[in-house]
Every structure is written in structure tokens, then in C-alpha cells.
Amino acid sequence: MFDDEDEERPKNHEDIEKMPIYVKAMEIYEIVRSIIEAVENTDIDFDRENAEFQSDWIERSLHYLMENALVLPAKIAGAEGGDIYDIRMENAAIIRKSAMELITDARALEINGYEETEYLNLLRTEIDNFRILFAEWVKTFDVKNYYIDRWGLFNPPGVNYDDHDPDDDIPFDPDEFLDFLMDDLDEDNNEEEDDDNSPF
């Protein structure tokens, strides 16, 4: 168990929801919802020659806006839950990609005829604010708590994909492992028998 004074407890979902980066991600999600509602309730004056193309792109952009907005809080929670450096960095890379794509999705709405840019400009501003929170958040990742990423993408500074892993030196004896599993199974069975024989 964790000692309140000596060790930090793992973050539960309520703790994560209070983090500034998570709060900002949810604010961006709400802005995206408002943009989608506003666009769907606007009669856009499409070019006669490109009306079908523009309509399709508007529809796709709205879909991508929602998809990318949902990624931000989900991957923040995933990174906090994973706690291993490479898992956190992998989630961070996906968050960065989705945040940048939100800007592209907003621009696509403008290019294809949506002229009410108030919400779109607000989205751009909030993503820039999110970017700063994101960069500060990434600085908090524990570079000592990692597994070597053999693909070479998400290793802490100074760790290479082909570095020797000290865990590889631990000998694996299949018979010893099987004995361990059988002992553990016997203990579980004994506990179940004790429970069955309990008068309570």
C-alpha cells in the first residue's frame, strides 16, 4: 500500500479531471461541439460548380473535428494512467497530432464556405493555450520510469533502441516459473476452501 507521507498515490480519474491540461482539453471539446452545431444550422452559400465537393468537405471536417477533440482528454487520461515514459510519450504524440489537425479541420470549414469565424478563431486561441500547457506537462514525464522502445521513437534522452536491457540478464527457468504458478494456484484453492468452511 501507499504511505500518505512518503509516496504519491496514483492519479484516479477525478484527479486527472482537475489537471489544467485536461480542463483545457474539455474546453476545446465544448468549443468544437458549438462549432459543429453552428455549422449544421448555417445555410452555407456554396459555389455552384463545387457545391457537392464543398458540402462533402464540410461534412468530413465536422467529423474530424469531433474525432480529434475527443482524442485530447482520452489520451491525457491514457498517459496519466500508463505512467511509463514511452507510453506517456506515445499518447503525447497522438495528442499533439490531433490538436494540430483541429486547426486544419477549422481551416477546411473556412475554405469550403463557412464564413462565421468567431468560434473558429476562439478554437485557434484555445489550442495555442493548450500547446503551452502540453509542453509543460510533457516536462513532468519521469525519464527514469521507462521500458526501452525497440522502435526507437519514445525513449528518454540518452537511451537508444538497441541498448542492453538489464532485465534481459535475469535467467528464465520455465520449470521454476511453473512451480511458482502451481504454488500460487494451491494458495488460491486453500483460501477458497477456508471461505467455504467459514461459519459466516
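Conventions used here
- Residues numbered from 1 in each chain as written.
- Predicted model: local features only at pLDDT ≥ 70, side-chain atom pairs only at ≥ 80, totals over all residues.
- Heavy atoms only, no water.
- Helix = DSSP H or I, 4+ residues; strand = E, 2+ residues; numbered from the N terminus.
- Buried < 20%, exposed > 50% of the residue type's maximum accessible area, 1.4 Å probe, protein only.
- Contact = heavy atoms within 4.5 Å.
- Areas by Shrake-Rupley, 256 points an atom, 1.4 Å probe, with all protein chains shown as cover.
- Core = buried A, V, L, I, M, F, W, Y, C linked by side-chain atoms within 4.5 Å.
- Axes fitted to C-alpha atoms, helices over the stretch in contact; angles between N-to-C directions.
- Parallel < 35°, antiparallel > 145°, perpendicular 65-115°, else oblique.
- Left-handed = near helix turned anticlockwise from the far one by under 90°.
- Nonpolar A, V, L, I, M, F, W, Y, C, P; charged D, E, K, R; others polar.
- Polar contact = N/O pair within 3.5 Å; in protein donor to acceptor, adjacent residues only side chain to side chain.
- Phe/Tyr/Trp six-rings, centres within 6.5 Å; stacked < 30°, edge-to-face > 60°.
- Patch = residues over 30% accessible without salt bridge, like charges linked within 9 Å, V, L, I, M, F, W, Y side chains within 5 Å.
- Salt bridge = Lys/Arg side-chain N within 4 Å of Asp/Glu carboxyl O.
- Lys, Arg positive; Asp, Glu negative; His and termini not counted.
- Charge placed at Lys NZ, Arg CZ, Asp CG, Glu CD.

Trainee: Break down the overall build of the protein for me, citing the residues and quoting the values.
Mentor: Helices and strands together make up the secondary structure of the protein, namely 6 helices and 0 strands. For the protein, the α and β elements follow one another from N to C terminus as α-α-α-α-α-α. Put simply, the protein has 200 residues, and 30% of those count as buried. The long-range fraction of contacts in the protein, counting pairs at least 24 apart against all pairs at least 6 apart in sequence, stands at 69%. When the accessible surface of the protein is split by element, carbon and sulfur atoms take 49% of a total near 14300 Å².

Trainee: Hey, could you go over the nonpolar core for me, with residue numbers and the actual values?
Mentor: Among the nonpolar cores identified, the biggest contains 36 residues, and Leu109, Leu123, Phe130 and Trp137 are the most heavily contacted of them. Among the elements of the structure, helix 2 (20-40), helix 3 (51-82), helix 4 (85-111) and helix 5 (118-139) are those that each provide at least two residues to this core. The greatest single-element share of this core, amounting to 11 residues, is contributed by helix 2. Among residues more than four places away in sequence, those in contact with Phe130 are Ile21, Lys24, Ala25, Ile28, Leu72, Ile76, Ile95 and Ala99.

Trainee: Account for the packing of helix 4 against helix 5, naming residues and giving values.
Mentor: Helix 5 packs onto helix 4 with a crossing angle of 165 degrees between their chain directions and a minimal axis gap of 11 Å. Overall, the two elements helix 4 and helix 5 adopt an arrangement that is roughly antiparallel. In the packing of helix 4 onto helix 5, the handedness of the crossing is left-handed. Of the residues in helix 5, those touching helix 4 at Arg88, Met89, Ala92, Ile95, Arg96, Ala99, Leu102, Ile103, Ala106, Arg107, Leu109 and Glu110 are Leu120, Leu123, Arg124, Ile127, Phe130, Phe134, Trp137 and Val138. Residue classes in the contact of helix 4 with helix 5 are distributed as 15 nonpolar, no polar and 5 charged.

Trainee: Now, about unusual backbone geometry: what can you tell me, with residues and values included?
Mentor: A positive phi angle, close to 65 degrees, is found at Asp83, a residue other than glycine. By the secondary structure assignment, Asp83 is in the loop between helix 3 and helix 4. Note on Asp83: relative accessible area 40%, which makes it partly exposed.

Trainee: I'd like to hear about the side chain of Glu80, residue by residue, with values.
Mentor: For Glu80, the position within the fold is in helix 3. In this structure the side chain of Glu80 is engaged in a polar contact, spanning 3.2 Å, whose partner is the side chain of Arg88.

Trainee: Give me the environment of Phe46: which residues, what numbers.
Mentor: By the secondary structure assignment, Phe46 is in the loop between helix 2 and helix 3. Judged by relative accessible area, which is 25%, Phe46 ranks as partly exposed. When the C-alpha positions of Phe46 and Asn112 are compared, they lie 7.4 Å apart, and in sequence the two are 66 residues distant. Not counting residues up to four positions away in its chain, the partners in contact with Phe46 are Ala51, Gln54, Ser55, Ile58 and Asn112.

Trainee: Residue-level account of the packing of aromatic side chains, with values.
Mentor: Applying the stated criterion across every chain, the model contains 4 aromatic pairs. Taken together, a centroid distance of 4.9 Å and an interplanar angle of 85 degrees make the contact between Trp137 and Phe141 edge-to-face. Neither residue differs from the other here; Trp137 and Phe141 are each classed as buried.

Trainee: Describe the side chain of Asn91, and please don't skip the residues or the numbers.
Mentor: By secondary structure assignment, the location of Asn91 is in helix 4. Leaving out residues up to four positions away in the same chain, Asn91 has contacts with Lys75, Gly78 and Ala79.

Trainee: Can you break down a negative patch on the surface residue by residue, with the values?
Mentor: Together, Asp45, Asp47, Glu49, Glu115, Glu116 and Glu118 make up a region of like negative charge exposed at the surface. Position of Glu118 relative to the elements: it lies in helix 5.

Trainee: Account for the pattern of salt bridges, with residues named and values stated.
Mentor: Tallying each qualifying case throughout the model produces 10 salt bridges. Between Lys24 and Glu27 there is a salt bridge, and its shortest N-O distance comes to 2.9 Å. Linking Lys24 with Glu27, this pair stays in helix 2, spanning 3 residues, or about one helical turn. Note that Glu30 and Arg33 form a salt bridge whose closest N and O atoms lie 3.7 Å from each other. Separated by 3 residues within a single helix, Glu30 and Arg33 lie in helix 2, roughly one turn from each other. Arg33 gets classed as partly exposed once you look at its relative accessible area, which sits at 42%. Through salt bridges that share partners, Lys24, Glu27 and Glu126 make up one connected network.

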